[in-house]
Amino acid sequence: TKMSKFRPQTPIIAATPHLKTFHQLALQWGVRPLLVDNMKDPEKLIMSCMEKSAGKGLLKEGDRVVISAGVPMDVKGNTNMIRVESVPAFDVKERKNSSKNI
(Lines give C-alpha, C1' and ligand atoms only; values in the text may rest on other atoms or scores of the structure.)
Protein backbone atom coordinates (compact mmCIF):
# COMPACT_ATOMS: atom_id res chain seq x y z
CA THR A 1 0.00 0.00 0.00
CA LYS A 2 1.10 3.58 -0.48
CA MET A 3 0.77 4.21 3.27
CA SER A 4 3.34 1.54 4.17
CA LYS A 5 6.17 3.40 2.41
CA PHE A 6 6.06 5.95 5.25
CA ARG A 7 6.80 3.15 7.74
CA PRO A 8 4.27 4.23 10.39
CA GLN A 9 4.58 2.86 13.92
CA THR A 10 0.89 2.03 13.86
CA PRO A 11 0.09 -1.22 12.06
CA ILE A 12 -1.83 -1.10 8.80
CA ILE A 13 -4.67 -3.60 8.52
CA ALA A 14 -5.58 -4.13 4.88
CA ALA A 15 -8.76 -6.07 4.14
CA THR A 16 -9.42 -7.85 0.87
CA PRO A 17 -11.72 -10.62 -0.36
CA HIS A 18 -9.11 -11.71 -2.93
CA LEU A 19 -6.52 -14.34 -1.98
CA LYS A 20 -3.95 -13.08 -4.52
CA THR A 21 -4.22 -9.53 -3.12
CA PHE A 22 -3.99 -10.93 0.43
CA HIS A 23 -0.63 -12.53 -0.41
CA GLN A 24 0.62 -9.38 -2.16
CA LEU A 25 -0.31 -7.27 0.88
CA ALA A 26 1.63 -9.65 3.13
CA LEU A 27 4.80 -8.53 1.36
CA GLN A 28 4.29 -4.85 2.20
CA TRP A 29 6.14 -3.37 5.18
CA GLY A 30 3.98 -3.10 8.31
CA VAL A 31 0.81 -4.36 6.62
CA ARG A 32 -1.36 -7.00 8.31
CA PRO A 33 -3.56 -8.42 5.55
CA LEU A 34 -7.04 -9.57 6.45
CA LEU A 35 -9.02 -11.95 4.24
CA VAL A 36 -12.70 -10.98 4.38
CA ASP A 37 -15.96 -11.88 2.67
CA ASN A 38 -16.83 -9.88 -0.42
CA MET A 39 -19.47 -7.32 0.63
CA LYS A 40 -21.04 -4.48 -1.32
CA ASP A 41 -22.20 -2.49 1.73
CA PRO A 42 -19.25 -0.45 3.06
CA GLU A 43 -20.80 -0.10 6.54
CA LYS A 44 -21.17 -3.87 6.95
CA LEU A 45 -17.67 -4.41 5.58
CA ILE A 46 -16.14 -1.93 8.03
CA MET A 47 -17.87 -3.56 10.99
CA SER A 48 -16.91 -7.03 9.77
CA CYS A 49 -13.26 -5.99 9.39
CA MET A 50 -13.13 -4.44 12.86
CA GLU A 51 -14.75 -7.52 14.40
CA LYS A 52 -12.39 -9.91 12.62
CA SER A 53 -9.38 -7.75 13.56
CA ALA A 54 -10.51 -7.71 17.19
CA GLY A 55 -10.88 -11.49 17.10
CA LYS A 56 -7.28 -11.79 15.93
CA GLY A 57 -6.07 -9.48 18.70
CA LEU A 58 -5.15 -6.66 16.30
CA LEU A 59 -7.73 -4.24 17.73
CA LYS A 60 -9.45 -3.79 21.05
CA GLU A 61 -12.51 -1.90 22.22
CA GLY A 62 -11.94 1.84 22.17
CA ASP A 63 -9.06 1.80 19.68
CA ARG A 64 -9.33 4.47 17.03
CA VAL A 65 -8.91 3.38 13.45
CA VAL A 66 -8.53 5.35 10.26
CA ILE A 67 -10.48 3.77 7.42
CA SER A 68 -9.77 4.49 3.79
CA ALA A 69 -11.82 2.84 1.09
CA GLY A 70 -13.34 3.30 -2.30
CA VAL A 71 -17.08 3.46 -2.81
CA PRO A 72 -18.43 1.75 -4.84
CA MET A 73 -16.43 -1.29 -3.79
CA ASP A 74 -14.33 -3.35 -6.24
CA VAL A 75 -13.33 -0.34 -8.36
CA LYS A 76 -9.53 -0.24 -8.52
CA GLY A 77 -7.92 3.08 -7.60
CA ASN A 78 -11.16 4.59 -6.34
CA THR A 79 -10.20 5.62 -2.79
CA ASN A 80 -12.71 8.36 -2.07
CA MET A 81 -13.57 7.82 1.60
CA ILE A 82 -11.55 8.37 4.74
CA ARG A 83 -12.91 8.44 8.27
CA VAL A 84 -12.01 7.79 11.88
CA GLU A 85 -13.95 5.26 13.95
CA SER A 86 -13.72 3.90 17.47
CA VAL A 87 -13.74 0.13 17.78
CA PRO A 88 -16.95 -1.01 19.50
CA ALA A 89 -17.15 -3.93 21.92
CA PHE A 90 -17.36 -7.29 20.17
CA ASP A 91 -18.11 -10.64 21.73
CA VAL A 92 -15.06 -12.38 20.30
CA LYS A 93 -12.40 -14.71 21.59
CA GLU A 94 -8.92 -13.49 20.78
CA ARG A 95 -6.84 -15.86 18.70
CA LYS A 96 -3.45 -14.14 18.89
CA ASN A 97 -1.54 -17.33 18.22
CA SER A 98 -3.47 -18.21 15.09
CA SER A 99 -1.31 -18.00 11.99
CA LYS A 100 -4.16 -18.54 9.55
CA ASN A 101 -5.34 -15.37 7.75
CA ILE A 102 -3.47 -12.97 10.00
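Calculation rules
Residues numbered from 1 in each chain as written. Predicted model: local features only at pLDDT ≥ 70, side-chain atom pairs only at ≥ 80, totals over all residues. Heavy atoms only, no water. Helix = DSSP H or I, 4+ residues; strand = E, 2+ residues; numbered from the N terminus. Expected span 1.5 Å × (residues − 1). Buried < 20%, exposed > 50% of the residue type's maximum accessible area, 1.4 Å probe, protein only. Contact = heavy atoms within 4.5 Å. Polar contact = N/O pair within 3.5 Å; in protein donor to acceptor, adjacent residues only side chain to side chain. Salt bridge = Lys/Arg side-chain N within 4 Å of Asp/Glu carboxyl O. pLDDT = per-residue confidence, 0-100. Pairing = 2+ DSSP bridges. Right-handed = clockwise from strand over helix to strand, strands pointing away. Patch = residues over 30% accessible without salt bridge, like charges linked within 9 Å, V, L, I, M, F, W, Y side chains within 5 Å. Areas by Shrake-Rupley, 256 points an atom, 1.4 Å probe, with all protein chains shown as cover.

1. Let's talk about helix α2 (residues 42-55)
So, point 1. Its 14 residues give α2 an end-to-end C-alpha distance of 20 Å, which sits within 8% of 20 Å, the value for a rise of 1.5 Å per residue.
So, point 2. Three or more residues of α2 are buried, namely Pro-42, Leu-45, Ile-46, Cys-49, Met-50, Ser-53, Ala-54 and Gly-55.
So, point 3. Looking at the packing, one finds that the buried side of α2 touches β1 (12-16), β2 (31-35), β3 (64-69) and β4 (81-86).
So, point 4. Residue Asp-41 occupies the N-cap position of α2, its side-chain oxygen lying 3.0 Å from the main-chain nitrogen of Glu-43.
So, point 5. Once α2 finishes, Gly-57 follows within two positions and takes phi at roughly 80°, a positive value.

2. Re the pattern of salt bridges
So, point 1. Inspection of every chain in the model, using the stated rule, returns three salt bridges.
So, point 2. Close ionic contact of Glu-43 with Arg-83 constitutes a salt bridge, the shortest N to O distance being 2.8 Å. Note that Glu-43 is positioned in helix α2 and Arg-83 in strand β4, a separation of 40 residues in sequence.
So, point 3. The shortest N-O distance in the salt bridge between Glu-85 and Arg-83 comes to 2.8 Å.
So, point 4. Glu-85 sits in the partly exposed class, given a relative accessible area of 25%.
So, point 5. In this structure, a network of salt bridges that share partners links the residues Glu-43, Arg-83 and Glu-85.

3. Examining the confidence of the model for the protein chain
So, point 1. When pLDDT is averaged along the protein chain, the result is 83; 86% of the residues meet or exceed 70.
So, point 2. Contacts from residues 94-102, a stretch scored under 50 in pLDDT, to residues over four places away or in other chains number 18 contacts.

4. Digging into the environment of Lys-60
So, point 1. Its location among the elements puts Lys-60 in the loop between α2 and β3.
So, point 2. Overall, Lys-60 belongs to the exposed group, its relative accessible area being 53%.
So, point 3. On a C-alpha basis, the gap between Lys-60 and Ser-86 in space is 9.5 Å, while along the polypeptide they are 26 residues apart.

5. A closer look at the pairing of β1
So, point 1. By the alternation rule, side chains of β1 split into Ile-12, Ala-14 and Thr-16, which are all buried, and Ile-13 and Ala-15, of which none is buried.
So, point 2. Bridge count between β1 and β2: five bridges; the pairing is parallel. Bridge pairing in β2 places Ala-15 opposite Leu-34.
So, point 3. Considered for its hand, the β-α-β crossover made up of β1, helix α1 (residues 19-25) and β2 is right-handed.

6. Here's the deal with a nonpolar patch on the surface
So, point 1. A cluster of nonpolar residues, Val-66, Ile-82 and Val-84, forms a patch on the protein surface that exposes about 330 Å² of accessible area.
So, point 2. Residue position: Ile-82 is located in strand β4.
So, point 3. Look at Ile-82 and you get exposed, because its relative accessible area is 65%.

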